[in-house]
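Here is what each chain is made of, one letter per residue.
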Amino acid sequence: MTVRGPGAGVQGSFAVLVLLFATVGCGARAEVRTPTDVPMLVPAPPPDRLIVPVPERPTLPDQEPPAAGTPSTSTPVRPQPPARSNPPASTPPPAPPAGVAAPPAVLSTTANTADFERRIREQLRRAEADLAQVNRQVLSSNAKAQYDAARGFIRQCEDALKVRNLVFAGQLADKAATMAELLRR
Amino acid sequence: MIRVAPAVALIGLVLAAPQVAFAQSDVLARARAAYNTMRLDEAVTLATEARAIERLAHSASVVFARASLERYRRTGDVADVAMARQALLAVDVTRLTPRESDELRLATAELLFADEQFGAATELFESALAVVPEGDTSARERVFDWWASALDRHAQLAPEGERERRYARLLAGAEREAARTPASIVAVYWVAAACRGVGDLDRAWAVAVAGWIQAVRVAPGSPGVTMQTDLDSLMRTAIIPERARAAAAPSDPEAVRVALAAEWESIKKRWTR
């Protein structure tokens, strides 16, 4: 039988403590190292391109026509021939050449405004009808982007109509209708 | 002997602690790796697991949000967007490393894009672009592409006048990027698209031709090949019809359109390997 001295227990505890601190130290080192090992998130693949063709026949003029007397800076003005005092009675008035755009309408009268709004809503209805024929789930990634954009244009157009911004609403309705028609094809 | 037993058990526990910590961090690392290889369901599952661990919760929320957003882009399920938003709202930015903060910024920008908040998304992508690590050309090109896409959508939703201003900003940014990385066909695409946006159709044509020819030299399967398709689409859908329409008054726009389309086809034919 071995008789233990009074210092044996203290020495044992001391050894255990040393071992404990050493292992805690190792554990701490291991934990500090791990976060730097994780891979960085790569940026997601960018979205598909969205190319919106300019509508061939806009519902509304792009902007309010300039006030009388203000020269236009963007549209070339074709000089008008001088008015004849005695036009020949037998000559019918010349028809406007094909492809020449009608002069921009003025958004000033209540009748015009109501008519423009009606045309915009008609464009929107057409766009909605075209989109309703398209099944988004079966579209390609790029076509899905076009579909979502068309829906976005419709939403924005409705917002513009709420605040009576008819010119902007007309532009958005045209874009929506153009894209929806392309998707339907 | 009896007094030594608890000490041994304690040592065992302490020895096991780093292993547990490592296994926990490993969950997050695996979630990140799954995201990077677009195994999105797995990334979401692992990130959810990591979010339950207190010290990883904030980092894991960023991964969870990014993976959820990516899943939304594939499936269109808006529940993924809602989950991504909740995850991002739960993040305490002070608990992230600087690198994770950059990842959070990208996640937020992507979420704004999904929300169609294109203006705000543009701003965040721009700040994300500024901190892409130097030399990581692939990451830079992607973030730049996101920035340009966000600004493009932002411009397309703007009324006349404002739209041109936004495209002018896109043009300046794309030109900067093209000068910084001359081999970037993505930057060339956006220079062409922005030129079209500001109404400079002649330059848009020239840049698109140059970009298409540059893309011929890229390796098969690389993003340059996709860019060729994108440039072709930009040319046929927008630049050619709009150039034809803008032709001087005596010209017949349809004849101009046909001539331009033929010229474009001829260029592509001559520059195809």
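In this text, all values refer to a predicted model and were calculated from it rather than measured experimentally. (Residues numbered from 1 in each chain as written. Chains lettered and ligands numbered in written order. Predicted model: local features only at pLDDT ≥ 70, side-chain atom pairs only at ≥ 80, totals over all residues. Heavy atoms only, no water.)

What follows deals with helix α9 (residues 185-197) of chain B. Residue and element names in this part refer to chain B. Its 13 residues place the ends of α9 18 Å apart at the C-alpha level, agreeing with the 18 Å of an ideal helix rising 1.5 Å per residue. Buried residues dominate α9, accounting for 13 of its 13 residues. Two residues or fewer after α9 comes Gly199, characterised by a positive phi angle close to 90 degrees. (Helix = DSSP H or I, 4+ residues; strand = E, 2+ residues; numbered from the N terminus. Expected span 1.5 Å × (residues − 1). Buried < 20%, exposed > 50% of the residue type's maximum accessible area, 1.4 Å probe, protein only.)

In this section: the nonpolar core. Of all hydrophobic cores here, the largest spans 115 residues; its most connected members are Phe125(B), Phe144(B), Trp190(B) and Trp205(B). In terms of residue count, α9(B) provides more of this core than any other element does, eleven residues in total. Residue contributions to this core reach at least three from each of two domains, namely domain 1 (21-97) and domain 2 (155-273) of chain B. When sequence neighbours within four positions are dropped, the list of residues in contact with Trp190(B) reads Arg49(A), Phe144(B), Asp145(B), Ala148(B), Ser149(B), Asp152(B), Leu170(B) and Ala174(B). (Core = buried A, V, L, I, M, F, W, Y, C linked by side-chain atoms within 4.5 Å. Domains from an automatic or database assignment. Contact = heavy atoms within 4.5 Å.)

All names here are of chain B. The terminal C-alpha atoms of helix α3 (residues 57-75) lie 26 Å apart, and with 19 residues this matches the ideal 27 Å at 1.5 Å per residue to within 8%. Counting buried positions along α3 yields 16 of 19 residues, so the element is predominantly enclosed. Positive phi appears at Gly76, one or two residues downstream of α3, with a value of about 75 degrees.

So, on to the side chain of Lys268(B). Residues and elements named next belong to chain B. Inspection of the secondary structure assignment puts Lys268 in helix α12 (residues 253-270). Here the side chain of Lys268 touches Asp232 through a polar contact of 2.7 Å, side chain to side chain. For Lys268, the residues in contact, after removing those within four places along its chain, are Trp212 and Asp232. (Polar contact = N/O pair within 3.5 Å; in protein donor to acceptor, adjacent residues only side chain to side chain.)

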